[in-house]
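# Residue-level structure breakdown
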Amino acid sequence: MVTVRAPERTPDRPCVDCLDQLPAARQTSPTDPRRVAFWLGALILSITMLGTTLPTPLYVIYQAEWHFSAAIVTVTFAVYAAAVLATLLLAGRSSDEAGRRPVLAAALGASALSTVVFILAPNVGVLIIGRILSGLSAGLMTGTATAALTELVPASASRRASLVASAANMGGLGLGPLIAGLFAQYAPHPTVLVFEVYLAVLAAAGLCLFLVPETVSTRRRPVLRFAGLGIPERGRSEFIAAAAAVFAAFSLLGLFAALAPTFLGGVLHENSHAVQGGVVFLLLAVGTVTQLALARFSSRRVVLGGLSLLLAALALIVAALAQAQMALFLTGTVVGGAAIGAVFLGSLATANRLAPPGERSRVISAFFVACYAGLIIPVVGVGVASEFISDFAAVLVLSILLAGLCLFSIARIRNAQ
């Protein structure tokens, strides 16, 4: 009789213990702390990510001016996510070769060019070009800034660097809609002035970059190449569960980032641009706080807790849209923000924990494919479906599908324990 052995399972660990294994942080961290440069680097990351979400509460204004549908809004958002994904896959290793500062400078340059395009945009076609440039900027900035922050602190503080990078990233994403919403509600020329101010902020970020030292000692000409999507055999089932979980979480994030202002105005009859931007900010701010609060818990517990919250958030949001209740929608926003923060943190830690050292870059690439696929596919589906059925029906269908995906992930993760 042949005995079949169960697949070997990797022991679970706190999320924070996995985050110092990020693939970008391959350089040896210096022993002398460079605190000012570290916090300036975090500021540059936050400023750049802030710019990528500035257009969120402005889409309804563009719609009124240029008369395009909600489906075009989702396409505009989808091309941004596709540009981020393509940049991560093709140029994710460029800062290891060319150095951190040149790539950070290129990211700031792409952000500035995107901002100029938004200021001058005469139609939605040019708006899409601006979003592509914005995605290029985010793709170059995310991994490079995380690596630079890790290398600017002692090796013993690399976990803190990863947490700061995550908080700066999500915090910047949340501040963009809040600031743009306030400008749109209370300042003149809402689709121009906020970007003009942001250009000045980008200039300040460029000056800060001069004070951030280069952390790559050996540099060479970067080569664009596909990073690969290899997944190790060991722990494959748990990785698939984590990828499905983060796909569902980023689907909810994409829904808010692309369509929340439209739903708030059309379904909940809340037309204040400040409130519309504030709702997206609330979602991401709660997600940031959740990540910092849960970093010491084991990755499986964090993902399972986040998925449970995601199920609750979907139910609350559907109920809010069905009853047109703003208070219920805000409750769903808070719960959804906590869910997104927990699922992203726990899933990323899971991917790092499962990946063999020699395959980590490929595994993390696969992880971010799931993230940005979640941003693109469901949101475009909802935008297109809303042209044929009601906004509520489109969100209901998506919520049911995401709930099924959550249950699938929960079952897979429990089996891996």
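Figured I'd write up the structure that's included with this text. (Residues numbered from 1 in each chain as written. Predicted model: local features only at pLDDT ≥ 70, side-chain atom pairs only at ≥ 80, totals over all residues. Heavy atoms only, no water.)

For the rest of this paragraph, the subject is unusual backbone geometry. Phi angles above zero are rare outside glycine, and His67 is one such case at about 60 degrees. Here His67 lies in the loop between α3 (59-66) and α4 (70-91). The class of His67 is exposed, set by a relative accessible area of 67%. You will see that His189, though not glycine, has its phi angle at about 50 degrees, which is positive. Note on placement: His189 falls in the loop between α8 (158-186) and α9 (193-209). (Helix = DSSP H or I, 4+ residues; strand = E, 2+ residues; numbered from the N terminus. Buried < 20%, exposed > 50% of the residue type's maximum accessible area, 1.4 Å probe, protein only.)

Here the focus is helix α12 (residues 299-323). Taking 1.5 Å as the rise per residue, α12 with 25 residues should run 36 Å; its terminal C-alpha atoms sit 36 Å apart, in good agreement. Of the residues one or two after α12, Ala324 is the one with positive phi, at around 55 degrees. (Expected span 1.5 Å × (residues − 1).)

In this section: the packing of aromatic side chains. The full count for this structure, using the stated rule, is five aromatic pairs. Measuring from centroid to centroid gives 5.6 Å for Phe250 and Phe344, while their planes differ by 45 degrees, and the two rings are tilted. Note that Phe250 is positioned in helix α10 (residues 236-266) and Phe344 in helix α13 (residues 326-354), a separation of 94 residues in sequence. Residue class for Phe344 comes out buried when judged on its relative accessible area of 13%. Seen from their ring centres, Phe250 and Tyr372 are 6.5 Å apart, and the 65 degrees between their planes marks the pair as edge-to-face. One end of the pair, Phe250, is in helix α10; the other, Tyr372, is in helix α14 (residues 360-385), with 122 residues separating them in the sequence. For the pair Phe250 and Tyr372, a shared accessibility class is recorded, and that class is buried. (Phe/Tyr/Trp six-rings, centres within 6.5 Å; stacked < 30°, edge-to-face > 60°.)

Let us now look at the pattern of salt bridges. Under the counting rule described, the total for this entry stands at one salt bridge. Put simply, Arg300 and Glu238 hold a salt bridge, and the shortest N to O gap is 2.7 Å. Here Arg300 is found in helix α12, whereas its partner Glu238 is found in helix α10, with 62 residues between them in sequence. The exposure classification of Arg300 matches that of Glu238, with both residues buried. (Salt bridge = Lys/Arg side-chain N within 4 Å of Asp/Glu carboxyl O.)

Along the chain, Ser114 turns up in helix α6 (residues 100-120). Apart from residues no more than four positions distant in its own chain, Ser114 is found in contact with Gly130, Leu133 and Ser134. (Contact = heavy atoms within 4.5 Å.)

All right, on to empty space enclosed by the protein then. A complete count under the given rule lists five cavities of 30 Å³ or more for this structure. The volume enclosed by the second largest cavity comes to roughly 70 Å³. Along its surface, the second largest cavity is lined by Thr48, Gly51, Thr52, Ser111, Ser114, Thr115, Phe118, Ser134, Ser137, Phe195 and Tyr198. Among the elements of the structure, α2 (35-52), α6, α7 (124-151) and α9 are those that each provide at least two residues to the lining of the second largest cavity. No other element matches the four residues that α6 contributes to the lining of the second largest cavity. The class makeup of the residues in the lining of the second largest cavity is three nonpolar, eight polar and no charged. (1 Å grid on protein atoms, 1.4 Å probe; cavity = no way out; pocket = protein on both sides within 12 Å on 5 of 7 lines; lining within 4 Å. Points joined across faces, edges and corners; volume = space filled by probe spheres on them. Nonpolar A, V, L, I, M, F, W, Y, C, P; charged D, E, K, R; others polar.)

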